Amino acid sequence: MSTSEETLVVVKPDAVRRGLVGDILKRFEAKGFSIVRLRMTTMTKAQAEEFYEVHRGKPFFGDLVAFISSGPVVGAVLSGGDAVACVRRMVGATKSWEAEAGTIRGDFGLGLTDNVIHASDSPDSFRKESSTFFRNAAG
Ligand code: CMP
């Protein structure tokens, strides 16, 4: 029996613009995860820099921050068994063109910066990212 935990997914601006929010979140619900928190927001540049703090200094950091703050995103906290690892498997490889068919990136995208969705890679990342993402949010 897997241990219940929480993770964060953020549907990125490319997927929101393409009207894919429902199709993507539906997969997590169909799998058995519960959406326990949900927020649509447009990140400020400062919030985006904090959210992706671990990537600061990497060559793609500027483009990543510009992209993630370029339009609305939808963040969801998902709760269920082995959520961090299971959700990462459902999301697929970072380079969408390499992601397996059946994964979210494999089925919905072709990009790298614009790779449809972000998912926390550890419980520690979940805590940091969700506190940044939901700061000053109602509810
Ligand atoms: P994400 O899961 O949101 O985590 C960091 C993001 O940086 C990643 O998805 C990609 O969108 C983006 N990125 C851009 N270039 C690279 C790269 N060369 N390696 C890894 N991530 C990259």
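Before reading further, recall that the structure is shown in the block above.
Anyway, here's the lowdown on the structure attached to this text. (Residues numbered from 1 in each chain as written. Predicted model: local features only at pLDDT ≥ 70, side-chain atom pairs only at ≥ 80, totals over all residues. Heavy atoms only, no water.)

## Some remarks on the pairing of strand β1 (residues 4-11)
Pairing geometry for β1 and strand β3 (residues 73-81), over eight bridges, is antiparallel. When the sheet's bridge partners are listed, Glu5 is paired in β3 with Gly80. In the sheet, β1 pairs with strand β4 (residues 117-119) via three bridges, with the strands oriented antiparallel. Each residue of the ladder has a partner; that of Val11, found in β4, is Ile117. (Pairing = 2+ DSSP bridges. Helix = DSSP H or I, 4+ residues; strand = E, 2+ residues; numbered from the N terminus.)

## Observations regarding the side chain of Thr41
Following the sequence through the fold, Thr41 ends up in strand β2 (residues 34-41). Residues within four places of Thr41 in sequence aside, it is in contact with Gly71, Pro72, Val73 and Phe133. (Contact = heavy atoms within 4.5 Å.)

## Remarks on the site of the ligand
By nearness alone, every residue bordering the ligand is listed as Lys12, Tyr52, His55, Phe60, Leu64, Thr94, Arg105, Leu112, Thr113, Asn115 and His118. One nitrogen or oxygen atom from the side chain of Lys12 is found 2.8 Å from an oxygen atom belonging to the ligand. Within the contact set of the ligand, an oxygen atom lies 2.6 Å away from a side-chain nitrogen or oxygen of Tyr52. For the ligand, whose free accessible area comes to 450 Å², the fraction covered by protein is 79%. Most atoms of the ligand, that is more than half of them, are within 2 Å of grid points of the largest pocket. Split by residue class, the shell around the ligand holds four nonpolar, five polar and two charged. (Near = heavy atom within 4 Å. Polar contact = N/O pair within 3.5 Å; in protein donor to acceptor, adjacent residues only side chain to side chain. Areas by Shrake-Rupley, 256 points an atom, 1.4 Å probe, with all protein chains shown as cover. 1 Å grid on protein atoms, 1.4 Å probe; cavity = no way out; pocket = protein on both sides within 12 Å on 5 of 7 lines; lining within 4 Å. Sits in = over half its atoms within 2 Å of the grid points. Nonpolar A, V, L, I, M, F, W, Y, C, P; charged D, E, K, R; others polar.)

## Notes on unusual backbone geometry
At Asp82, a position not held by glycine, the phi torsion is positive, near 55°. Among the secondary structure elements, Asp82 is positioned in the loop between β3 and α5 (83-91). The phi dihedral of Asn136 is positive, around 65°, even though this residue is not glycine. By the element assignment, Asn136 lies in the segment after α7 (123-133).

## Focus: the sheet that holds β4
Sheet strands pair by backbone hydrogen bonding; their relative direction is either parallel or antiparallel. Strand order in this open sheet of four strands is β2-β3-β1-β4, and the pairing throughout is antiparallel. In this open sheet, the two edge strands, each paired with only one partner strand, are β2 and β4. Here the average twist between neighbouring strands, direction ignored, is 20°. In the packing of α7 onto the sheet, the strands contacted are β1, β2, β3 and β4, and the crossing angle to β1 comes to about 50°. (Axes fitted to C-alpha atoms, helices over the stretch in contact; angles between N-to-C directions.)

## Here we look at the pattern of salt bridges
Using the criterion set out here, one finds five salt bridges in the structure. Notably, a salt bridge pairs Lys45 with Glu49, separated by 3.2 Å at the nearest N-O pair. A residue pair is termed a helical-turn pair when its members lie 3 or 4 positions apart in one helix, as Lys45 and Glu49 do in helix α3 (residues 45-51) at four residues. Of the residues examined, Lys45 reaches a relative accessible area of 54% and is grouped as exposed. A salt bridge links Arg56 to Glu53; the nearest nitrogen and oxygen atoms lie 3.1 Å apart. Under the relative-accessibility criterion, Glu53 is labelled partly exposed at 41%. (Salt bridge = Lys/Arg side-chain N within 4 Å of Asp/Glu carboxyl O. Buried < 20%, exposed > 50% of the residue type's maximum accessible area, 1.4 Å probe, protein only.)

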